[in-house]
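Structural overview
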Amino acid sequence: MVATAAIATAIVVCYAVVSANASGKTFNCTDDVPHNEVGLLLGTSPITPHGIHNYYFDNRIKATADLYYAGKIDRVIASGGDYSSRGNGYNELAAMRDSLVARGVPDSVITLDYHGTRTIYSIINTKRTYHLDSLTIISQQYHNERAIYLAEHHGLHPVAYNAHTPARRITRIRNFAREFLARVKMFIELCIS
């Protein structure tokens, strides 16, 4: 019983620390977002593993295009993986590029980072491969908060723009629960790396 309570407390504390750290660094309105040369679009597939349309994808694409047209970013690094060999898998980066271009974002300002198969890899690549010091992260708020923590841990100066979170209740609950565990995993990895 004591062990269970301790684990539950640790999970809640990890979640709260990451959220508190992101306070004032995530934005819901393009007008409020400070300018950065690069926006880091964190990857997701246009189709879920269950084969249904992924509105998280649509909303991240829209958020990125909105930032570009508002003059808040000049370039985009789309970071994700190519899962086209898996069942219902997609090449996330090709899908993100094509969707951004369809919204009028020039292909010439989009860089594809195929090594961003995890959030931490996307963050590390912006520092080591692209030599950035600051950036605007683009994903849903819960994801942005964790990405900000990782970016700061690796010496970056991030802000984030929150793509709209789809209204499907079951998906929101599942992603919210998964984020609790993702934050615990993040702290464990940071401690042992």
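Let me sum up the structure you'll find in this document.

Conventions we followed
Residues numbered from 1 in each chain as written. Predicted model: local features only at pLDDT ≥ 70, side-chain atom pairs only at ≥ 80, totals over all residues. Heavy atoms only, no water. Phe/Tyr/Trp six-rings, centres within 6.5 Å; stacked < 30°, edge-to-face > 60°. Helix = DSSP H or I, 4+ residues; strand = E, 2+ residues; numbered from the N terminus. Lys NZ or Arg CZ within 6 Å of the ring centre and 35° of its normal. 1 Å grid on protein atoms, 1.4 Å probe; cavity = no way out; pocket = protein on both sides within 12 Å on 5 of 7 lines; lining within 4 Å. Points joined across faces, edges and corners; volume = space filled by probe spheres on them. Nonpolar A, V, L, I, M, F, W, Y, C, P; charged D, E, K, R; others polar. Pairing = 2+ DSSP bridges. Contact = heavy atoms within 4.5 Å. Axes fitted to C-alpha atoms, helices over the stretch in contact; angles between N-to-C directions.

Below, the discussion takes up the packing of aromatic side chains. Evaluation of the coordinates by the stated rule reveals three aromatic pairs. Geometrically, the ring pair formed by Tyr-68 and Tyr-69 is edge-to-face, given 5.5 Å between the ring centres and 80° between the ring planes. Measuring from ring centre to ring centre gives 5.1 Å for Tyr-149 and Phe-187, while their planes differ by 70°; the resulting arrangement is edge-to-face. Taken as a pair, Tyr-149 in helix H5 (residues 141–153) and Phe-187 in helix H6 (residues 169–192) lie far apart in primary sequence, 38 residues in all. Over the ring of Tyr-15 we find Arg-183, and its NZ or CZ is 3.9 Å from the ring centre.

Moving on to the layout of surface pockets. Counted as a void, the largest pocket has a volume near 1,300 Å³. Lining the largest pocket are 44 residues, and of these Gly-43, Thr-44, Arg-60, Glu-92 and Arg-178 sit closest to its centre. When residues of the lining of the largest pocket are traced back to their parent elements, those giving at least two are helix H2 (55–69), helix H4 (119–128), H5 and H6. Per element, the largest residue contribution to the lining of the largest pocket is nine residues, and it comes from H6. For the lining of the largest pocket, the per-class residue count stands at 14 nonpolar, 19 polar and eleven charged.

Moving on, we get to the sheet that holds strand E4 (residues 110–113). Taken together, six strands build an open sheet; the order of strands is E1-E6-E5-E2-E3-E4 and the sheet is parallel. Edge positions in the sheet fall to strand E1 (26–27) and E4, since each has one partner strand and no second. One ladder, built from three bridges, connects strand E2 (residues 38–42) with strand E5 (residues 134–140); its direction is parallel. Directly across from Leu-41, in E5, lies its bridge partner Ile-138. The sheet strands contacting helix H3 (residues 92–102) are E2, strand E3 (75–79) and E4, and the helix crosses E4 at an angle near 165°. Of the strands in this sheet, E1, E2, E5 and strand E6 (157–163) touch H5, which is tilted by about 150° from E5.

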